[in-house]
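As a plain string of letters, each chain reads:
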Amino acid sequence: MLKLTGMPGSYGIAIGKAVLGEDLRPSAQAEVSLPFEEALRLARDDLIRLRNEVAAHAPHEAEIFSAQLLMLDDPMLQGGIRRRIAQGEPVEKAISGAIAELTRLFRELKDPLLRERQTDLEDIGRRLSGRLRKPPLSACPPEQGILVARELFPSDIAGMNPEQYAGFATDLGTPTSHAAILARSLGFPGVFGLKDITRYLRPGDILIIDGTAGAVYLDPDRETLRRYASRTEDTARLPILRGPVMTAHGVLILVKANIGSAGGSRQALEMGADGIGVVRTEFLFQDRERLPDEEEQLAAYRQIAEGMEGRPVIIRTLDAGSDKPLPCLPLEPEANPALGWRGIRLSLEMPDTFLPQVRAILRASAFGPVGVMFPMIATLEEFLKAREMAESALQELRRQGRDIPPVPIGTMIEIPSSALIADALAREADFLSIGTNDLIQYAFAADRANPKVASLTDPRHEAVLRLIGMVSEAGRAHGKPVSVCGEMAADPESVPFLLRLGITELSVSPVFIPALKRQISKLDLV
Ligand code: PEP
Ligand code: MG
């Protein structure tokens, strides 16, 4: 047995025979049999199909393929390929040459956030080249296997059929890549960044994937196999539990959903969510040139509020900047964007963007219990100023004759300073929500997107647990609900720690809800 350690990419366990990704691709020797225009048409059809398939489970993540469609139809890309073909280059070489040229441009921009765009571009290049040949990209393995590849692109993950693949493992990639985001949304266990797993493997080798621990066991011994097999049986085909779950020691826990699209409430409800813990409203602002106006935002928030059929919905105001760049809100480059002008800092200085959003959220409360929450709050003053602006907007709406019920106003706790003053914030805010993704990044000064420092960001480190404990305690002292809405809340190994700290509300991607509720119902922490 050989244990390889990478980075946890997508939670869960999978056991199966290795299928090497390269085996599934048409061989390089297969003859190019289609002209470029035909391959382009087929590639476009593929992307539309992938987008629609992914949208059924993960509408927000499906937008990765909308962006790829735009890239595929980019005149610069198509023009580059056609120019090379006209100059006599073989079609396949023309495609790889034009893609390489554009990738270089992205790389020269030196913006780490564009790295994902670069990967999407390479993904498109592979798809186009694959479509020049028959058969299509995804031939099927004979039985359910584990896909092992040097690198997996978003379309590889979206094209994985759960009947054929139980999980995946890769040499390259990080937990924050588009491929990882998709894998989590679609519920495929996987490990990234194993460096050279493809070198150790032969097709058909037995593998255990522990996506939660970031480990892969090659040729596992009987004891390890038995231990993991019992865990997979535990999570197979879980029933949907509706309503708050009670732990075995008698504490009631709410499990809510994090969503990033207007349609996300449907999936949340299907999976048994007790409400929406965070609506990441950036989805309304992405991939567009102009800011959405109040009415457009209201329509989206209304859809979510109505979709949750009376369950509470927390809508977070725009968290732009740093890892969430928005073309419709171009920001000046900063040396340290994660520590720069972002989130609420930006909203407080841009009332023309902030207030229409706040008004839309307040108006959406006519269609269901809605709360408003501010991201990246670092000081009490910031919270008080944001709340004052929201309260004036509420008075103004009421003066205009709109019937708006009281709307709870809360804050994210995702900067260590706000955890340290949680008692003051808990006195003022109606609820607190701990964003562990950023809280951990700032606590350890370790970029959440940088695999080189990923080993520092241990969610169960004493430093993180103390910060969470302080917030939980402050909420209890002031009678205000405290939830945890970062990835840590979906990590089965961290959940008992959170509950021990007194957390009674978790908010996670909808796919994790059934397993999380089941785990909670079995937890006995006394
Ligand atoms: C967090 O920081 O934990 C969080 C939930 O917000 P986001 O991941 O959107 O930054
Ligand atoms: Mg955050």
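Residues numbered from 1 in each chain as written. Chains lettered and ligands numbered in written order. Predicted model: local features only at pLDDT ≥ 70, side-chain atom pairs only at ≥ 80, totals over all residues. Heavy atoms only, no water.

**Considerations on the overall build of the protein**
Alright, step 1. Looking only at helices and strands, one finds 21 helices and 17 strands in the protein.
Alright, step 2. Over its C-alpha trace the protein gives a radius of gyration of 24 Å, about what one expects of a compact globule, namely 24 Å for 526 residues.
Alright, step 3. Taken over the C-alpha atoms alone, the protein extends approximately 70 × 55 × 40 Å along its principal axes.
Alright, step 4. Scored against the burial criterion, the 526 residues of the protein give a buried share of 53%.
Alright, step 5. Here the protein contributes 61 positively and 71 negatively charged side chains, and the mean placements of these two sets differ by 2 Å. (Helix = DSSP H or I, 4+ residues; strand = E, 2+ residues; numbered from the N terminus. Rg over C-alpha atoms; globule rule 2.2 N^0.38 Å. Buried < 20%, exposed > 50% of the residue type's maximum accessible area, 1.4 Å probe, protein only. Lys, Arg positive; Asp, Glu negative; His and termini not counted. Charge placed at Lys NZ, Arg CZ, Asp CG, Glu CD.)

**Section: the coordination of the magnesium ion (ligand 2)**
Alright, step 1. Every protein donor of the magnesium ion (ligand 2) is accounted for by Glu-414 (OE) and Asp-438 (OD), and the metal-donor separations fall at 2.0 to 2.2 Å. Of this pair, Glu-414 sits in the loop between strand S14 (409-413) and helix H16 (416-420) while Asp-438 sits in helix H18 (residues 436-444), and the two are 24 residues apart along the sequence.
Alright, step 2. Overall, Asp-438 belongs to the buried group, its relative accessible area being 2%. (Donors = N, O, S within 2.8 Å, 3.2 Å for Na, K, Ca; no water.)

**Focus on the side chain of Arg-316**
Alright, step 1. Note that Arg-316 resides in strand S12 (residues 313-316).
Alright, step 2. Given the relative accessible area of 4%, Arg-316 is considered buried.
Alright, step 3. Within the structure, the side chain of Arg-316 is placed 3.3 Å from the side chain of Glu-282, a separation counted as a polar contact.
Alright, step 4. Setting aside residues no more than four positions away along its own chain, Arg-316 makes contact with Val-278, Val-279, Arg-280, Thr-281, Glu-282, Lys-324, Gln-357, Met-373, Pro-375 and Met-412. (Polar contact = N/O pair within 3.5 Å; in protein donor to acceptor, adjacent residues only side chain to side chain. Contact = heavy atoms within 4.5 Å.)

**Some thoughts on the site of ligand 1**
Alright, step 1. Around ligand 1 sit Arg-280, Arg-316, Lys-324, Met-412, Glu-414, Gly-435, Thr-436, Asn-437, Asp-438, Arg-448, Cys-485 and Gly-486, and that is every residue in its neighbourhood.
Alright, step 2. At a separation of 3.1 Å, an oxygen atom of ligand 1 approaches a polar side-chain atom of Glu-414.
Alright, step 3. A distance of 3.3 Å separates an oxygen atom of ligand 1 from a polar backbone atom of Gly-435.
Alright, step 4. In this structure the site holding ligand 1 corresponds to the largest cavity.
Alright, step 5. The leading source of residues in the shell around ligand 1 is H18, at 3 residues. (Near = heavy atom within 4 Å. 1 Å grid on protein atoms, 1.4 Å probe; cavity = no way out; pocket = protein on both sides within 12 Å on 5 of 7 lines; lining within 4 Å. Sits in = over half its atoms within 2 Å of the grid points.)

**Regarding helix H12 (residues 294-307)**
Alright, step 1. With 14 residues, H12 should cover 20 Å at 1.5 Å per step; its first-to-last C-alpha distance of 20 Å lies within 8% of that length.
Alright, step 2. Residues of H12 that are buried include every one of Glu-294, Gln-297, Leu-298, Ala-300, Tyr-301, Ile-304 and Ala-305, and no others. Viewed along the axis of H12, the buried residues span an arc of 165 degrees, placing them on a single side of the element.
Alright, step 3. In the core, the buried residues of H12 are packed alongside strand S10 (252-259), helix H11 (264-270), strand S11 (276-280), S12, helix H14 (351-364) and strand S13 (370-374).
Alright, step 4. Among the residues of H12, the N-terminal cap falls to Asp-293, whose side-chain oxygen and the backbone nitrogen of Glu-295 are separated by 3.2 Å. (Expected span 1.5 Å × (residues − 1). Arc of directions from axis to C-beta.)

**Comments concerning helix H15 (residues 380-399)**
Alright, step 1. In this model H15 runs 28 Å from its N-terminal to its C-terminal C-alpha over 20 residues, within 8% of the 28 Å that 1.5 Å per residue would give.
Alright, step 2. Taken as a whole, H15 has its buried residues at Glu-382, Phe-383, Ala-386, Arg-387, Met-389, Ala-390, Ala-393, Leu-394 and Leu-397. Taken end-on, H15 shows its buried residues confined to a sector of 155 degrees, consistent with a single buried face. The exposed residues of H15 that point more than 90 degrees off its buried face are Glu-381, Glu-388 and Arg-399.
Alright, step 3. For H15, the elements touching its buried residues are helix H13 (343-349), H14, S13, S14 and helix H17 (422-428).

**Description of the sheet that holds strand S4 (residues 145-149)**
Alright, step 1. Here we have 8 strands laid out as an open sheet, ordered S1-S8-S7-S3-S4-S5-S6-S2, and mixed in their pairing. At either end of the open sheet lies a strand with only one pairing partner, and these are strand S1 (2-5) and strand S2 (7-10). On average, each strand axis in the sheet is inclined to that of its neighbour by 30 degrees, with strand direction left out of account.
Alright, step 2. Of the pairings in the sheet, the one linking strand S3 (residues 13-20) to S4 comprises 4 bridges and is parallel in character. Residue pairing in the sheet places Val-19 in a bridge with Leu-147 of S4.
Alright, step 3. The strands that helix H8 (residues 178-186) touches are S2, strand S5 (165-170) and strand S6 (190-192); relative to S2, the one it contacts most, it runs at about 55 degrees. (Pairing = 2+ DSSP bridges. Axes fitted to C-alpha atoms, helices over the stretch in contact; angles between N-to-C directions.)

**Observations concerning empty space enclosed by the protein**
Empty space among the atoms becomes apparent when a probe as large as a water molecule is rolled across them.
Alright, step 1. This structure, assessed with the given rule, holds 1 cavity of 30 Å³ or more.
Alright, step 2. Considered as a void within the structure, the largest cavity measures approximately 100 Å³ in volume.
Alright, step 3. Those elements that provide at least two residues to the lining of the largest cavity are S11 and H18.
Alright, step 4. Ranked by residue count, the leading element in the lining of the largest cavity is H18, at 3 residues.
Alright, step 5. Here the lining of the largest cavity is composed, by residue class, of 3 nonpolar, 4 polar and 7 charged. (Points joined across faces, edges and corners; volume = space filled by probe spheres on them. Nonpolar A, V, L, I, M, F, W, Y, C, P; charged D, E, K, R; others polar.)

**Concerning the packing of aromatic side chains**
Alright, step 1. Applying the stated criterion to the full structure yields 4 aromatic pairs.
Alright, step 2. Both rings, one in Tyr-217 and one in Tyr-228, keep their centres 5.4 Å apart while their planes meet at 50 degrees; by these two values the pair is tilted. With a gap of 11 residues between them, Tyr-217 in strand S8 (residues 215-218) and Tyr-228 in helix H10 (residues 222-235) connect regions that are remote in the sequence. Here Tyr-217 and Tyr-228 have matching classes, each one buried.
Alright, step 3. Above the plane of the ring of Tyr-200 lies Arg-199, whose end atom (NZ or CZ) is 5.9 Å from the centre. (Phe/Tyr/Trp six-rings, centres within 6.5 Å; stacked < 30°, edge-to-face > 60°. Lys NZ or Arg CZ within 6 Å of the ring centre and 35° of its normal.)

**Concerning unusual backbone geometry**
Alright, step 1. Despite not being glycine, Asp-219 has its phi angle at roughly 55 degrees, a positive value.
Alright, step 2. Following the sequence through the fold, Asp-219 ends up in the loop between S8 and H10.
Alright, step 3. Here the phi dihedral of Glu-309 falls at roughly 45 degrees; this positive angle occurs in a residue that is not glycine.
Alright, step 4. Mapped onto the elements, Glu-309 comes out in the loop between H12 and S12.

**A look at the confidence of the model for the protein**
Alright, step 1. For the protein, per-residue confidence averages 88 on the pLDDT scale, and residues scoring 70 or more make up 93% of the total.
Alright, step 2. Low pLDDT, under 50, characterises residues 23-28; the stretch is placed with 15 contacts to residues that sit more than four places away or in other chains.
Alright, step 3. Predicted confidence is poor over residues 136-141, with pLDDT under 50, and the contacts of this stretch with residues over four places away or in other chains come to 12 contacts. (pLDDT = per-residue confidence, 0-100.)

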